[in-house]
Amino acid sequence: MQSPNAVRHELDSSRSVVALEGRADSERRTEVELTADHNFTLAAGRLGLSADQQLLLRTPFREVKVAVPVQMDDGTLRVFAGYRVQHSGARGPAKGGIRFHTDVSIGEMHALAEIMTWKTALVDVPFGGAKGGIACDPSKLSLAEQERLTRRYVSRIHRFIGPFRDIPAPDVNTNEQVMAWILDEYSSRHGYSPACVTSKPVELGGIRGRSTATGTGIGMVLAEHLKARGRSIRGARVAIQGFGNVGANAAAFIEQHGGEIIAVADVNGGILSSGSRPLRVPDLIEHVRLTGSVVGFPGAMSIDNDELLALPCDVLIPAALENALTESSAGEVRASVIVEGANLPTTAGADRILRSRGIDVIPDLLANAGGVVASYFEWTQNLQQTQWPRQKVNRKLQSYLVRAYRSVRKIAEARDMSFREAAWLIAIERVARAESLRGALSTVKERNR
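Please read these numbers as outputs of a predicted model, since none were measured by experiment.

Chemist: An account of the overall build of the chain is needed here, citing residue identities and associated values.
Modeler: Across its full length, the chain holds 17 helices and twelve strands. Against the 2.2 N^0.38 benchmark of 22 Å for 449 residues, the chain shows a C-alpha radius of gyration of 21 Å, consistent with a compact globule. Dimensions of the chain, computed from the C-alpha atoms along their principal axes, are close to 65 × 65 × 50 Å. Looking at the chain as a whole, 57% of its 449 residues qualify as buried. Considering only intrachain contacts with a sequence separation of at least 6, the fraction spanning at least 24 residues in the chain is 70%.

Structure representation (C-alpha cells):
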C-alpha cells in the first residue's frame, strides 16, 4: 500500500489544469452552482482573498467523466454517464457521496464536491471534498442491474479512489448495499481495503451508528441551537421535507427528545398531523417501509411540498434535494428556525429574504455534517482495524458537532453575520491556510509581510 505522502505526490504531479473560466461558455450553470458561487464569493470577500487565491481554492483537483456500459436484464446494452469530482486534497484525501439520479451532471458534481471541502474543514476532520454519481433512474433498474452499474462504474474510476485518495459514501438513491459492492469491486483490484469506502454494512467494516449519523446530527445541532436561544427541543413543532434516511432519523431523534413532528413530505406528497396529536415517527417509518411513501399514512391529512414549507411551526427541516427554498417560497415560511438537512436547499435570494425576516438558518455545512464526521470515525477504525461501540460513536459525534456549532455562533455574533457566512468563512480560511502551508498560495497576512 502506498503511503499517504506518496499518493499525495502522485496526485500533485497530475493536478488538473482545468480552471473555472475554462468551462465552456455555452454550459448552463445550475442554481446549485450559482448558490455555491454566491456563498463562496461572500466569504472570500470577507477574508480579503485575491482573485488568484479564489481561483485556486475553487478549481477542482480532478474531474472525471466515464462511460458506464451495462448489460440490462433483457439483454440490451445501455451506456450511462458517470462522474467523480475531487475538489480538494489540501487537508486530506477527498471525501464525498455517490448518487444515482437523473439530474446528475458535471456541474452539479463540481458544486457538491466543493461543498464537501468546506464541510469537512468546518467540522475539522482531515478530508477534502469530492462528489460522484451516475445519471440514471434507479427506480427503473432491477437490483441486479444496479449492481452491474455500480461495479462497472468502480472499474472505470478505481485508479482515482482509495483510502488515501478519495473515499466515497452514500448519497441520493445509494445505500449500504451499494457501498458493499464498491468495497468488493475495489478490493478485487487492490486487495482487501475496507477504508476505501464508508457507510458499509457493519459486517464488512462499517461503523455502528453511521447510517443514522446525518439525521441524528441534525437533531444534535438543533438541540444546541435552541439551547443557545434559551429554548428546548421539548415541545417544538417540527416540519420535515424529505423522509428518506436523513429526514427519518432526524425525526426519530427529535421525537425521542420531546419534539413534535407535525408534518413530513417526500417526492410523492406530504402529510399533516390532524388535531393536536403529532405524527408518531416509528409508525410512520413502518408505513414508508411497507408502502414506499409517507402518503396515505392513517389519520393524517394530505398536503403538498409547498404547503409544508409554509406551515406554522417552530422548526423547518428541508432534507430532500437542492433548491427547496427559493425567492418565491422564502416569504411564505412561518418557522422561526430552519435546519438544512439537504445540501444547498436554500438559494441565495431566499437566504437574503429569510435573514431579513429574522429567521435563523442553520446551514448545510454544519447541520448535515454528522454523516461525514461518522465517516471519518469509520475510516479511522478501518485503518486501525478496531471497532467502537455505538455509544462512543454518538458521544464523539455530538462533541464534534457542538464544537463546530459554537465556533460558527461565536464568529456570527462577533462579526454580525449570518450562520451561513460564518460557517463558510471558517471553512475557507482553514483550507486556504492548508494550501498556504503546502506552498500553493500565500495568505493575505503573508503577502503583506
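Chemist: Help me get a handle on the packing of helix H15 (residues 390-415) against helix H16 (residues 419-438), residues and values and all.
Modeler: Packing of H15 against H16 leaves a shortest axis separation of 8 Å and a crossing angle of 115°. Judged on the interaxial angle alone, H16 and H15 are roughly perpendicular. Both H15 and H16 take part in a crossing whose hand is right-handed. Contacts between H15 and H16 involve Tyr-405, Ser-407, Val-408, Arg-409, Ile-411, Ala-412 and Arg-415 from the former and Phe-419, Ala-422, Ala-423, Leu-425 and Ile-426 from the latter. Here the residues of the contact of H15 with H16 are counted per class, giving nine nonpolar, one polar and two charged.

Chemist: Got a sec to walk through the side chain of Arg-84? Specific residues and values, please.
Modeler: Mapped onto the fold, Arg-84 is located in strand S2 (residues 77-88). A polar atom in the side chain of Arg-84 sits 3.0 Å from the backbone oxygen of Gly-96.

Chemist: Provide a residue-level description of the pattern of salt bridges, including the pertinent values.
Modeler: What the rule picks out here adds up to 25 salt bridges. Taking the shortest distance from any N to any O, the salt bridge between Arg-148 and Asp-73 comes out at 2.6 Å. Of this pair, Arg-148 sits in helix H5 (residues 143-157) while Asp-73 is found in the loop between strand S1 (62-71) and S2, placing the two residues 75 residues apart along the sequence. Judged by its relative accessible area of 34%, Arg-148 falls in the partly exposed class. For Lys-131, the salt bridge is made with Asp-171, and the minimal N-O distance between the two is 2.8 Å. You can see Lys-131 sitting in strand S4 (residues 129-135) and its partner Asp-171 sitting in the loop between strand S5 (166-170) and helix H6 (176-190), a full 40 residues away along the chain. One salt-bridge network, in which partners are shared between bridges, spans Arg-99, Glu-108, Lys-131, Asp-171 and Glu-322.

Chemist: Which residues make up the pairing of S1, and what values do they have?
Modeler: As paired strands, S1 and S2 are joined by ten bridges and run antiparallel to one another. If you follow Pro-69 over to S2, its bridge partner there is Val-79. Here S1 folds back onto S2 in antiparallel fashion, the turn holding five residues, of which Gly-75 has a positive phi close to 95°.

Thresholds, definitions, all that
- Residues numbered from 1 in each chain as written.
- Predicted model: local features only at pLDDT ≥ 70, side-chain atom pairs only at ≥ 80, totals over all residues.
- Heavy atoms only, no water.
- Helix = DSSP H or I, 4+ residues; strand = E, 2+ residues; numbered from the N terminus.
- Rg over C-alpha atoms; globule rule 2.2 N^0.38 Å.
- Buried < 20%, exposed > 50% of the residue type's maximum accessible area, 1.4 Å probe, protein only.
- Contact = heavy atoms within 4.5 Å.
- Axes fitted to C-alpha atoms, helices over the stretch in contact; angles between N-to-C directions.
- Parallel < 35°, antiparallel > 145°, perpendicular 65-115°, else oblique.
- Left-handed = near helix turned anticlockwise from the far one by under 90°.
- Nonpolar A, V, L, I, M, F, W, Y, C, P; charged D, E, K, R; others polar.
- Polar contact = N/O pair within 3.5 Å; in protein donor to acceptor, adjacent residues only side chain to side chain.
- Salt bridge = Lys/Arg side-chain N within 4 Å of Asp/Glu carboxyl O.
- Pairing = 2+ DSSP bridges.

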